[in-house]
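Spelled out from the first residue to the last, the chains are:
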Amino acid sequence: MRPHLPEEEIHAWLDRQISRPQSREIAEHLMRKIKSRELQPYQQLPTEYELAEQFQVSRITSQRALVELEKSGWIFRERGKGSFV
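A quick note: this is a predicted structure, and the numbers were derived from the prediction, not measured. Numbering of residues begins from 1 in every chain and follows the order in which that chain's sequence is written. Totals for whole chains, interfaces and linings use all residues, but because this is a predicted model, local features are given only for residues with pLDDT of at least 70 and pairs of side-chain atoms are given and counted only at 80 or more. The side-chain values count all of the structure's non-hydrogen atoms but skip hydrogen atoms and water molecules.

Please set out the packing of aromatic side chains residue by residue, giving values where relevant.
Centre distance within 6.5 Å is the pairing criterion for rings of Phe, Tyr and Trp, where only the six-membered ring of Trp is used; planes under 30 degrees apart are then read as stacked, over 60 as edge-to-face, and the remainder as tilted. One pass over the full model with this rule turns up 2 aromatic pairs. Look at tyrosine 42 and phenylalanine 76: their rings are 6.1 Å apart centre to centre, the planes differ by 65 degrees, and that puts the pair in the edge-to-face class. With tyrosine 42 in the loop between helix H2 (22-35) and helix H3 (48-55) and phenylalanine 76 in strand E1 (residues 76-78), this residue pair connects regions lying 34 residues apart in the sequence. Buried, partly exposed and exposed residues are distinguished by accessible area as a fraction of the type maximum, computed with a 1.4 Å probe on protein chains only: under 20%, between the cut-offs, and over 50%, respectively. By relative accessible area, tyrosine 42 is classed as exposed at 65%. By relative accessible area, which is 30% here, phenylalanine 76 ends up partly exposed. Helix and strand assignments come from DSSP, with helices taken as H or I runs of at least 4 residues and strands as E runs of at least 2, each series counted from the N terminus.

Explain unusual backbone geometry residue by residue, including any values.
Not every positive phi belongs to a glycine, and arginine 37 is a case in point at roughly 70 degrees. For arginine 37, the position within the fold is in the loop between H2 and H3. Among the residues examined, arginine 37 registers a relative accessible area of 53% and is labelled exposed. Residue tyrosine 42 is not a glycine yet carries a positive backbone phi of 70 degrees.

Tell me about the side chain of glutamate 48, and please be specific about residues and values.
Mapping glutamate 48 onto the fold places it in helix H3. Sequence-distant contacts of glutamate 48, that is, excluding residues within four places in its chain, are made with Arg59, Ser62, Gln63, Leu66 and Arg77. Contact criterion: two residues are considered in contact whenever any of their non-hydrogen atoms come within 4.5 Å of each other.

Go over the pattern of salt bridges, please, and point to the residues and values.
Where charged atoms from two side chains of opposite charge come close, those side chains can pair. What makes a salt bridge here is a side-chain nitrogen of Lys or Arg within 4 Å of a carboxyl oxygen of Asp or Glu, nothing more. If you walk through the whole model with that rule in mind, you get 6 salt bridges. As a salt-bridge pair, glutamate 28 and arginine 24 come within 3.2 Å of each other at their nearest N and O atoms. Residue glutamate 28 and its partner arginine 24 are located together in helix H2, separated by 4 residues, close to a single helical turn. The class of arginine 24 is partly exposed, set by a relative accessible area of 29%. Within this structure, Arg24, Glu28 and Glu68 form a network of salt bridges that share partners.

Set out below in structure tokens:
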């Protein structure tokens, strides 16, 4: 049985599903935090698992977001240490 959601939440969810991948949503969220200086240079980002839990997605989806940010130069990643602004 599905939980009942308010109509506006259903529309917002559908818009997100149609408009762009969830990994892109996560990447844009982190970019906004970087641009606003909420995340400072060299600050460690949440782990793939933490992002997955926060956004209620799979770890692979959160990993794709971090890879996208790395490829575009927003962050750098160090194996075994994490992802950093």
